[in-house]
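# Residue-level structure breakdown
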Amino acid sequence: MQIKTPYYEINKKELDNNYNNMVNALDKYWNNYIIGYSYKTNSLPWIIKYFNNKGCFSEVVSNDEYELGIMMKVEKNRFIYNGPIKTKESFIETAKNGCYINIDATRELQWATELKGDYKLGIRVNFDIEKMCPNQSQCGTEGGRFGFCYENGEFGKALEYLKKNNIKISGLHLHTSSKTRSLDIYKAIANMAVEIKRKFNLELNYIDIGGGFYGGLINKPQFSEYIKSVADILNKEMSPKTTTLIVEPGMALIGSPISYISSVIDIKDTTYNRFVITDGTRTNIDPLMRKSEYFHSYDYVDKNRKIIKKQVICGYTCMENDRIYVENDGTELKVGDKIIYEKVGAYTMCLTPLFIKYFPDVYVLDNDKHIKVRKEWTAEQYIQNSI
Ligand SMILES: Cc1ncc(COP(=O)(O)O)c(C=O)c1O
């Protein structure tokens, strides 16, 4: 079948593999666990349903994401609610429904005091990961902005406030975004959990180590290594009998199975460059415009090719910087060739702007069959809420 480009393709087999590897690692090293799929990483409805059907929880960070989950028929007690933009109403509702809620800021502490009874409330810990893993954290010496700071006593004060109001804390949330996604980061997270549990003498029903793992890449840490590293440390102070390990993977599950397929539509020579114009765009695979290289491959329309010194591969938008990458001393590209960008499933579809063209088709490749799971948006969807 000739499929109209551009489109995203989800490779179901690879997705299954990533998921199974994660489950096997958890089964082996900490057999009391919850996988909370991170909606923000890619909230395509098909993907949400896929993980819900597998038995994952839904990790959401806004009431919009929560409502999306409800529309996708996620059971009302199977959410993990994080982030700074919760609404009071959804905070109370999800708590009463038995969801896991990780308190991020002061106003949520106040909301928590309005709850009477036992809930699955945790606190997001803001800690100095840069000190523990120099040059590896995302924010370096500027520090992260989420949760309550352990080192300056804010975390302790939050605990004290809840205790005074008879609110029990059942978990810690320690998600930390890093540049390296290394095992060191997860060891630091586990060590911090142990330190806090000891220092405040907490009884913890869950430790949520968040997401941020690699997945589906052979030369990077594997799930089994991540989970073993964490378990070895947590085991000093708790056990799977007493404590549930929560992970919130996004990238590790959905990054590698998704490709983006575009076609060459024109070749243009100028004084300075040969531009290869495609019907794809950088905004679909690198919406933050930070990448300089991409996993990619070609499907050529014929074999008869020269080597070209420099080709600049461009997207369809009218922005000059929609230059996707430069191919030096590469095979000549011609109109009709396909360029396939691999491993582009994380923070792409959900961050793509509605700029010049709207969202492209999405297919699932399952046993050599392509099944369309999202139709491209047209002006009709674009205007749907306009008054
Ligand atoms: C709280 C939380 N959990 C999970 C994730 C998912 O991270 P990743 O997609 O890198 O696995 C993020 C990403 O920023 C996050 O902020």
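In this numbering scheme, every chain counts its residues from 1 along its sequence in written order. Confidence filtering applies because this is a predicted model: local features only for residues at pLDDT of at least 70, side-chain atom pairs given and counted only at 80 or more, and all residues used for totals across whole chains, interfaces and linings. Only hydrogens and water are removed before side-chain values are computed, so all heavy atoms of the structure are retained for them.

### Re the site of the ligand
This is how the line gets drawn: Here a residue is considered near a molecule or strand provided that any single heavy atom belonging to it is located within 4 Å of it. N or O atoms within 3.5 Å of each other form a polar contact, as long as, within protein, one can give a hydrogen and the other can take it, and as long as residues adjacent in sequence are counted only when both atoms are side-chain atoms. Note that accessible areas follow from Shrake-Rupley with a 1.4 Å probe, and for residues the cover is restricted to the protein chains shown. For this classification, Asp, Glu, Lys and Arg are treated as charged, while Ala, Val, Leu, Ile, Met, Phe, Trp, Tyr, Cys and Pro are nonpolar and the rest, including Gly, are polar.
Near the ligand there are 15 residues, and of these Gly212, Glu248, Gly250, Met251 and Tyr347 occur at the shortest range. At 3.0 Å from an oxygen atom of the ligand is found a side-chain nitrogen or oxygen belonging to Thr41. Note that an oxygen atom of the ligand is positioned 2.6 Å from one of the side-chain N or O atoms of Tyr347. Protein contacts shield 88% of the accessible area of the ligand, which totals 390 Å² for the unbound molecule. A per-class count over the shell around the ligand returns three nonpolar, seven polar and five charged.

### Details of the packing of aromatic side chains
When we look at a pair of aromatic rings, we describe it by the centre distance and by the angle of the planes. The following threshold applies: Stacked, tilted and edge-to-face are the three classes assigned to paired rings of Phe, Tyr and Trp, where Trp is represented by its six-membered ring and a pair needs centres within 6.5 Å; plane angles under 30 degrees give stacked, over 60 edge-to-face, the rest tilted. Put simply, DSSP H or I for four residues or longer makes a helix, DSSP E for two residues or longer makes a strand, and each gets a number counted from the N terminus. Residue burial is assigned from relative accessible area. The probe radius is 1.4 Å, only protein chains are included, and a residue is buried under 20% of its type maximum, exposed over 50%, and partly exposed in between. Should the NZ of a Lys or the CZ of an Arg lie within 6 Å of a ring centre and within 35 degrees of the ring normal, that charge is described as sitting over the ring.
Within this structure, the stated rule accounts for 23 aromatic pairs. Relative to Tyr50, the ring of Trp46 has its centre 5.5 Å away and its plane inclined at 25°; by these criteria the two rings are stacked. Here the residue Trp46 and the residue Tyr50 both occupy positions in helix 2 (residues 45–54), the gap between them amounting to four residues, near one helical turn. The exposure class assigned to Trp46 is partly exposed, which follows from its relative accessible area of 22%. Residue Tyr50 is classed as buried on the basis of its relative accessible area of 7%. Note on Tyr260 and Tyr341: the rings are 6.2 Å apart at their centroids and 40° apart in plane angle, and the pair reads as tilted. Here the residue Tyr260 occupies a position in strand 11 (residues 258–269), and Tyr341 occupies one in strand 16 (residues 338–341), the gap between them amounting to 81 residues. Residue Tyr260 is classed as buried on the basis of its relative accessible area of 1%. Here the aromatic residues Tyr19, Tyr37, Tyr39, Trp46, Tyr50 and Phe51 are joined through ring pairs into a cluster of three or more. A cation over a ring is seen here: Lys120 above Tyr100, with NZ or CZ 5.0 Å from the ring centre. Across the ring face of Phe295, the terminal group of Lys343 is positioned such that the distance to the ring centre comes to 5.5 Å.

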